[in-house]
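Structural overview for review
Chain by chain, the residues run as shown.
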Amino acid sequence: MDIRFDGKRALVTGAGKGIGYGIAKALAAGGAETIALSRTQADLDRLNAESPDIRTVCVDLADWAATRKAVEELGPIHLLVNNAAVLNYTKFMEIEEAEIKNTFDINVHAVVNVSQVVAQGMIARGKGGAIVNLSSIAGRIVVKNAPSYTASKGAIEMLTKVMTEELGPHQIRINNVNPTGVMTAMGKKLWPDRVASEPMMRRTPQGKFAEVKDVVHAVMFLLSDQSDMINGASLFVDGGVTAV
Ligand code: NDP
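As named in an unreviewed UniProt entry, the protein is L-xylulose reductase, taken from Ridgeia piscesae. We quote the UniProt Subunit (unreviewed entry) comment for the protein here in full: "Homotetramer."

Have a look at this one:
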């Protein structure tokens, strides 16, 4: 399947490293005018050095007002990937106020904030659009020792459906991509070595974690017109772990 995004403008949050970095590069390679948003300027400089066509925006998504202003200044966006998220390694009884607030500010509230601005433009132009939210297997099953994160991904699952219901009449599609572990900075926090990975490997029918490219392919499909009637779905990229 040859997926192209020529003539489209795309925004990817959390594109400084990991999965978001891969998504931004794939969108640019597919012809989209791509904007990469993240909070560490050095990461964005690295991305820009590799892909000079990618425009970068440095803002902290936890700051609602600054984020809104930054996204409003971008102009029309046809494709949005809400990818940025944070994960704390704790137990439920150890969660502190700052952790749960920060997790929901970035993993959930920022998705509302950025999507509202982008969808407003899509509605005004009347030509639809596509949004992909990076959820997780944590949107369906408990990821041990990451309770705030897991709860936030549960929230994303229903947020996507809420958005689908309200924005569908405007031909705006919103879908989730739900990866299993990917060995980015975030993945390595939860599964730093073979011993930590072992229970997950035993539980996963395919017996392996995903790679960035596996997630990127799912995102590209859901952003493209090839998935025109897929809306409000959660596409699990998980080697079958949530199926068994
Ligand atoms: P990484 O931690 O590797 O990268 C996250 C990116 O988001 C970084 O560039 C980070 O910037 C940015 N970011 C985080 N907080 C903010 C913020 N407040 N404002 C702006 N940018 C921010 O994560 P992954 O690439 O692994 O994860 C990407 C998505 O995939 C997330 O939604 C995650 O939940 C999901 N996912 C990941 C899995 C995995 O195992 N890796 C499994 C399942 C889902 P900085 O480094 O500067 O903070």
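**Brief notes about the pattern of salt bridges**
If you walk through the whole model with that rule in mind, you get eight salt bridges. For the salt bridge of Asp6 with Arg4, the shortest nitrogen-to-oxygen distance reads 2.9 Å. Overall, Arg4 belongs to the partly exposed group, its relative accessible area being 45%. When the shortest N-O distance is used, the salt bridge between Arg202 and Glu198 registers 3.1 Å. With Arg202 and Glu198 both in helix H7 (residues 194-203) and four residues apart, this pair spans about one turn of that helix. On the accessibility criterion, Glu198 (35% relative accessible area) is partly exposed.

**Some words on the pairing of strand E2 (residues 33-38)**
Across the six residues of E2, five count as buried, placing the element largely inside the fold. Relative to strand E3 (residues 55-58), E2 runs parallel, the two being bridged by four bridges. Of the residues in E3, the one forming a bridge with Leu37 is Val57. Taken together, E2, helix H2 (residues 41-50) and E3 form a β-α-β motif whose crossover is right-handed.

About the cut-offs
Residues numbered from 1 in each chain as written. Predicted model: local features only at pLDDT ≥ 70, side-chain atom pairs only at ≥ 80, totals over all residues. Heavy atoms only, no water. UniProt positions renumbered as here; feature names shortened; annotations may be inferred. Salt bridge = Lys/Arg side-chain N within 4 Å of Asp/Glu carboxyl O. Buried < 20%, exposed > 50% of the residue type's maximum accessible area, 1.4 Å probe, protein only. Helix = DSSP H or I, 4+ residues; strand = E, 2+ residues; numbered from the N terminus. Pairing = 2+ DSSP bridges. Right-handed = clockwise from strand over helix to strand, strands pointing away.

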